Amino acid sequence: MNYIKDNLEKIKTSISEKIVLVAVSKTKPIADLLEAYEAGQRVFGENKIQEMVTKHEALPKDIEWHMIGHLQRNKVKYMAHFVDLIHGVDSLKTLKEINKQAHKHDRVINCLLQVRIAKEETKFGLTPADISDILYSEELKTFTNIKICGFMGMATFTKNENILNEEFSELETLYNHHKKQHPDFSILSMGMSGDYKLAIKNGSTMIRVGSSIFGARNYLT
Ligand SMILES: *Cc1c(COP(=O)(O)O)cnc(C)c1O
């Protein structure tokens, strides 16, 4: 019954120590997260704020919690006191709300802008023009309780390596371009169970892996 530990070890030995592994535990029970924790995993990703809050309350306090899902602005307040990194920011309005809630707790919350790289209609994210609008807006300078640390992207759900390479390298190019003006950028979050190796080849610094650690998700239960 130690498959979670085995999976984690398998992934960790296949990537450089410099790559941050976010264990995506959405829909999984506390016992599974605890097994990963006991195997040494300290960074967990969730895509629903309420679920993350419940798990944060139940688990050891040295866990780093990442919100990787699409954000509902009215729920940011529930995680503002503990969230370590918000991956899916896709508007100035959302940044404003995160800043407001972070200010209440006298914290600085780390954020990534979600870039739309997949050609699929269903994926969220900003265009390169939107990114520039946000990064160079005057309003952003007034948000002193957030820090933009880099970008996040999700590739098309495909096994076609040409498409994946194209999408990941597009995001890497955009990241490197903006990093020139923002030398404190340090995170390029891309790569999931099916594509993290290609993502890393294209410059990913942080991968978000769920099913390869915890097994397939069953959304019906
Ligand atoms: C669910 C999810 C993942 C992990 O997906 P797997 O294919 O299970 O590794 C990564 N990133 C985001 C944004 C997700 O919602």
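Residues numbered from 1 in each chain as written. Predicted model: local features only at pLDDT ≥ 70, side-chain atom pairs only at ≥ 80, totals over all residues. Heavy atoms only, no water.

Side note on the site of the ligand
Taken together, Val-24, Lys-26, Ile-68, Met-152, Met-154, Met-192, Ser-193, Arg-208, Val-209, Gly-210, Ser-211 and Arg-217 form the complete shell of residues around the ligand. Here an oxygen atom of the ligand sits 2.7 Å away from a polar atom, N or O, in the side chain of Lys-26. Between the ligand and the protein, one listed contact pairs an oxygen atom with a backbone N or O atom of Gly-210 at 2.8 Å. In isolation the ligand has 390 Å² of accessible area, and contact with the protein removes 90% of it. Classifying every residue of the shell around the ligand by side-chain character gives 6 nonpolar, 3 polar and 3 charged. (Near = heavy atom within 4 Å. Polar contact = N/O pair within 3.5 Å; in protein donor to acceptor, adjacent residues only side chain to side chain. Areas by Shrake-Rupley, 256 points an atom, 1.4 Å probe, with all protein chains shown as cover. Nonpolar A, V, L, I, M, F, W, Y, C, P; charged D, E, K, R; others polar.)

Overview of the pairing of strand S5 (residues 109-115)
Burial of S5 is extensive: 6 of the 7 residues sit out of reach of the surface. Strand direction decides the pairing type here: strand S4 (residues 85-89) and S5, joined by 3 bridges, are parallel. Within S5, the position partnered with Val-89 by the bridge is Leu-113. At this point the chain moves from S4, through helix H5 (residues 92-104), to the parallel S5, and the crossover so formed is right-handed. Pairing geometry for S5 and strand S6 (residues 146-153), over 7 bridges, is parallel. Each residue of the ladder has a partner; that of Ile-109, found in S6, is Ile-146. (Buried < 20%, exposed > 50% of the residue type's maximum accessible area, 1.4 Å probe, protein only. Helix = DSSP H or I, 4+ residues; strand = E, 2+ residues; numbered from the N terminus. Pairing = 2+ DSSP bridges. Right-handed = clockwise from strand over helix to strand, strands pointing away.)

Description of the packing of helix H1 (residues 3-14) against helix H2 (residues 30-38)
For any two helices packed against each other, one specifies the crossing angle of their axes together with the interaxial distance. Between H1 and H2, the least distance of the axes is 9 Å, while the angle of their chain directions is 50°. Of the possible angle classes, the one that applies to H1 and H2 is oblique. Both H1 and H2 take part in a crossing whose hand is right-handed. Seen from H1, the contacting residues are Tyr-3, Ile-4, Lys-5 and Leu-8; seen from H2, they are Asp-32, Glu-35 and Ala-36. (Axes fitted to C-alpha atoms, helices over the stretch in contact; angles between N-to-C directions. Parallel < 35°, antiparallel > 145°, perpendicular 65-115°, else oblique. Left-handed = near helix turned anticlockwise from the far one by under 90°. Contact = heavy atoms within 4.5 Å.)

With respect to the pattern of salt bridges
If you walk through the whole model with that rule in mind, you get 7 salt bridges. A salt bridge links Lys-55 to Glu-46; the nearest nitrogen and oxygen atoms lie 2.9 Å apart. Note on accessibility: Lys-55 and Glu-46 belong to one class, buried. Salt-bridge contacts for Glu-138 lead to Lys-141; the nearest nitrogen and oxygen are separated by 2.8 Å. Note on Glu-138: relative accessible area 57%, which makes it exposed. Because the salt bridges share partners, they merge into one network encompassing Glu-46, Glu-51 and Lys-55. (Salt bridge = Lys/Arg side-chain N within 4 Å of Asp/Glu carboxyl O.)

Brief notes about unusual backbone geometry
Even without being a glycine, Thr-27 presents a positive backbone phi close to 70°. By the secondary structure assignment, Thr-27 is in the loop between strand S1 (20-24) and H2. For Asp-106, which is not a glycine, the phi torsion comes out positive at approximately 55°. Along the polypeptide, Asp-106 turns up in the loop between H5 and S5. Classification of Asp-106 as exposed rests on a relative accessible area of 70%.

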